[in-house]
Amino acid sequence: MSAKPATMHKPAAKTLDLQQIFTWLLADGVIEKAEAKAHYNQAQGILRSSPVSMHPLVAVAQCKLHSAQPPHKPITLDWLTEWMAGKVRLPFFRIDPLKIDFTRVADVMSATYAARFNILPVELNATELTIATAEPNVVEWEAEISKISRRNIKLVIANPLEISQYISQFFSLAKSIKSASKASGQDLSLRNNFEQLVELGKSNKQFDANDQHIINIVDWLWQYAFEQRASDIHLEPKRDIGVVRFRIDGVLHQVYQVPAAVMIAMTARIKLLGRMDVIEKRRPQDGRIKTRMQNEQEIELRLSTLPTAFGEKLVMRIFDPEVVVKTLPELGFPPDDAARWDHLTARPHGIILVTGPTGSGKTTTLYTTLKALATSEVNVCTVEDPIEMVEASFNQMQVQHGIDLSFADGVRSLMRQDPDIIMVGEIRDLETAEMAIQAALTGHLVLSTLHTNDAPSAVMRLLELGVPYYLLEATLIGIMAQRLVRTLCPACKAPDGELMDDIWQSLAGDWKIDKPKTIYRPVGCPECRQTGYRGRTGLYELLTVTQTFSKMIQPETDIHLLQKQSIADGMKPLRIAGALKIVEGVTTAEEVLKVTSALT
């Protein structure tokens, strides 16, 4: 049951005002007495000129003041809200939309009621209801909500702008999900067995994918994924519900659960936009969508469906077009490796390989490199499966297995297109490897990817595929292995003493790298969603094929000799690249050991 605004009296005038806030700021020494009047007048002017009602904390934040106390940090709205929470002795609450079950909390009261008092239910359990407010003195609603919800009320202080924003979004979204569930004509409270779920998938007892409620839900899903810097969105059907997960900085987070029928409609809506066969649910499909963020920046999503026991699983990979305009140092390349890589890719012909597991950033490295090479004087052609990002400066071809257009066929066709640089998405078999080598022998620069643990192992992998050693010796000019590690959040990372000798030994080995006197640990703050990490950077192992190295490529090549020679030629192993990132304070030993564990 929701609370109705008609049952309440108009709240007493106990709202916070500028005078009270500035009194507190002066008392705590946050602002200087000599400047208080000028700052007060500035905030008052902002309040008066605002076309809509504005919370006084927002007006103070818009003055862009700095604390009078060292280290003189900016007085932001978040800082003011947390500071005010301390003054009124209530907990400060950071609203994380991905951790709030809005379909449950929206049942507590109506959207009109929440907007009237600018309060937002944020947590609900068997005995307690947590409600966020920015007006700690206005509590006339508390007794009624406690009675209706049959729970004790816990009051917390939250950012007033976020409260207003999420009142609009949460209640609107909860309404869309409930309406969509009702429109499906299915009793979602009943547990369906597996056979019934299979029958459900075959029947057409589902609502229109163009239903306005479904459009709202899908738009909301993308918006939050973009805001949270997600690289992938997973829609996973389960027995009774659908689970939504985001991959953020390489780690999957479960963020929402929606009714099973709603997820079916969401998947149908996204497939429709991706020009996929909406009716076909028995085989995997691929598609792509281009959309815009709120700041008008274009974002591309690559779609992939997979039939599972409980319905279609849909994964959307999000590609940020800004990635291809990044420089090599921005991707994490050390200056010396960046210079060596530029020297390699400036060669007129030969094969360059990028190796690593799925999700290690190989495609990003290749796109960044090709973007830099794709001037008006050269013809850059790619053959991919699928095309990861559509880029106007390349001529891109997609592999089509249905019509027998393989990587090898694609390279064969590209050879007649007068290319200068060819990128082959992946070398998977001997035929593709032979075509890539043929392209390199006829005067083209060929870049491709391979799945191996380290750079020297790429040679062994090609020999295992059946590539003659003398062709590798003639064409291979460079191999780079890479991994991605999470980077410490610069806003909250903290010193953590000295690294233990045995851990440093496992990282640096016999390399003469000074152990860092201070290492940093993840703490967690609003900037990084309390994870302690924000963003990822690359670890690179760049092998330049020298004359000595190429002569060692023989039918019975010893991998250990190749590794030893590559290090002698200037290659820094991935573990060493990671150790240097720890020295720089960029990441942690745990992260480096986690992504390089397969190398030991």
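Only a predicted model underlies this, so the values are computations on that prediction, with no experimental measurement involved.

Draft legend 1. Highlighting the overall build of the protein chain. The secondary structure content of the protein chain amounts to 23 helices and 18 strands. Projecting the C-alpha coordinates of the protein chain onto the three principal axes gives extents of approximately 90 × 65 × 50 Å. The buried share of the protein chain, taken over its 600 residues, is 49%. Within the protein chain, contacts between residues separated by at least 24 positions form 65% of all contacts whose residues are at least 6 apart in sequence. Of the roughly 28,800 Å² of accessible surface on the protein chain, a fraction of 51% belongs to carbon and sulfur atoms. Computed over 66 positive and 70 negative side-chain charges, the inter-centroid distance for the protein chain is 7 Å.

Draft legend 2. Seen up close, the pairing of strand 8 (residues 298-308). Pairing of strand 7 (residues 285-292) with strand 8, which is carried by 8 bridges, proceeds in the antiparallel orientation. Looking at the pairing, I289 lines up with L301 of strand 8. Here 9 bridges tie strand 8 to strand 9 (residues 311-319), and the two strands are oriented antiparallel to one another. Looking at the pairing, E300 lines up with F319 of strand 9. Linking two consecutive strands that pair antiparallel, namely strand 8 and strand 9, is a turn of 2 residues.

Draft legend 3. Summary view of the environment of V446. Within the secondary structure, V446 sits in strand 14 (residues 445-450). Given a relative accessible area of 1%, V446 falls into the buried group. A C-alpha to C-alpha distance of 9.8 Å links V446 and C381, two positions 65 residues apart in sequence. When residues no more than four places from it in sequence are discounted, the contact partners of V446 are G350, I351, I352, I422, V424, A436, A439 and A440.

Draft legend 4. How the structure looks around the nonpolar core. Within the largest apolar cluster, 67 residues are counted, with the highest numbers of intra-cluster contacts made by I233, L235, F246 and M316. In this structure, M316 is in contact with L221, W222, S231, D232, I233, L235, I270, L301, R302 and L303, ignoring residues within four places of it in sequence. Core analysis: the second largest hydrophobic core is formed by 52 residues, V446, L465, A589 and V592 among them.

Draft legend 5. How the structure looks around helix 11 (residues 260-273). Under the 1.5 Å per step criterion, the end-to-end length of helix 11 is 20 Å for 14 residues, consistent within 8% with the ideal 20 Å. Taken across its 14 residues, helix 11 has 11 buried, putting it largely inside the fold. Positive phi appears at R275, one or two residues downstream of helix 11, with a value of about 55 degrees.

Draft legend 6. Main features of the UniProt feature "domain: Bacterial type II secretion system protein E" (unreviewed entry) in the protein chain. Mapped onto the present numbering, the UniProt feature "domain: Bacterial type II secretion system protein E" (unreviewed entry) falls at residues 415-429. Segment residues 415-429 splits into 0% helix and 27% strand. End C-alpha atoms: 19 Å apart.

Draft legend 7. Structural view of the pattern of salt bridges. Per the stated rule, a full pass over the model turns up 27 salt bridges. As a salt-bridge pair, D96 and R529 come within 3.1 Å of each other at their nearest N and O atoms. Note that D96 is positioned in the loop between helix 4 (77-87) and helix 5 (102-105) and R529 in the loop between strand 17 (520-521) and strand 18 (533-544), a separation of 433 residues in sequence. Overall, D96 belongs to the buried group, its relative accessible area being 12%. Classification of R529 by relative accessible area gives buried; the value is 15%. Note that D232 is salt-bridged to R317, the shortest N-O span being 2.9 Å.

Draft legend 8. Quick peek at the pairing of strand 4 (residues 230-237). The buried fraction of strand 4 is high, at 7 of 8 residues. Where strand 4 lies against strand 5 (residues 241-248), 7 bridges are found, and the strand directions are antiparallel. Bridge pairing in strand 5 links A230 to I248. Taking the residues that link successive antiparallel strands as the turn, the strand 4-strand 5 hairpin has 3 residues. Across 4 bridges, the pairing between strand 4 and strand 9 is antiparallel. Its bridge partner lying in strand 9, L235 is registered against L314.

Draft legend 9. Main features of unusual backbone geometry. The omega torsion of the bond from P70 to P71 falls at 5 degrees, within 30 degrees of zero and hence cis. Tracing the chain through its elements places P71 in the loop between helix 3 (56-62) and helix 4. Phi is positive for D249, which is not a glycine, with a value near 55 degrees. Looking at the element boundaries, D249 is found in the loop between strand 5 and strand 6 (251-259). For D249, a relative accessible area of 11% translates into the label buried.

Draft legend 10. View of the sheet that holds strand 11 (residues 380-384). Strands sit in the order 12-11-13-14-10-15-18 across an open sheet of 7 strands; the sheet is mixed. The strands lining the two open edges of the sheet, one partner per strand, are strand 12 (395-398) and strand 18. On average, adjacent strands in this sheet sit at an angle of 20 degrees to one another, irrespective of strand direction. Against the sheet, helix 16 (residues 430-441) touches strand 10 (350-355), strand 13 (421-424) and strand 14, its axis set at about 135 degrees to strand 10.

Draft legend 11. Just the packing of helix 1 (residues 18-27) against helix 2 (residues 33-49), in detail. Two elements in contact, helix 1 and helix 2, have axes separated by 11 Å at closest approach and are oriented at 150 degrees. The angle between the axes of helix 1 and helix 2 places the two elements in the roughly antiparallel class. Considering the relative orientation of helix 1 and helix 2, their crossing is right-handed. Taken together, the residues of helix 2 that come into contact with helix 1 (itself represented by L18, Q19, F22 and L26) are K33, A36, H39, Y40, A43, Q44 and L47. When its residues are assigned to classes, the contact of helix 1 with helix 2 shows 7 nonpolar, 3 polar and 1 charged.

Definitions and cut-offs
- Residues numbered from 1 in each chain as written.
- Predicted model: local features only at pLDDT ≥ 70, side-chain atom pairs only at ≥ 80, totals over all residues.
- Heavy atoms only, no water.
- Helix = DSSP H or I, 4+ residues; strand = E, 2+ residues; numbered from the N terminus.
- Buried < 20%, exposed > 50% of the residue type's maximum accessible area, 1.4 Å probe, protein only.
- Contact = heavy atoms within 4.5 Å.
- Areas by Shrake-Rupley, 256 points an atom, 1.4 Å probe, with all protein chains shown as cover.
- Lys, Arg positive; Asp, Glu negative; His and termini not counted.
- Charge placed at Lys NZ, Arg CZ, Asp CG, Glu CD.
- Pairing = 2+ DSSP bridges.
- Core = buried A, V, L, I, M, F, W, Y, C linked by side-chain atoms within 4.5 Å.
- Expected span 1.5 Å × (residues − 1).
- UniProt positions renumbered as here; feature names shortened; annotations may be inferred.
- Salt bridge = Lys/Arg side-chain N within 4 Å of Asp/Glu carboxyl O.
- Axes fitted to C-alpha atoms, helices over the stretch in contact; angles between N-to-C directions.
- Parallel < 35°, antiparallel > 145°, perpendicular 65-115°, else oblique.
- Left-handed = near helix turned anticlockwise from the far one by under 90°.
- Nonpolar A, V, L, I, M, F, W, Y, C, P; charged D, E, K, R; others polar.

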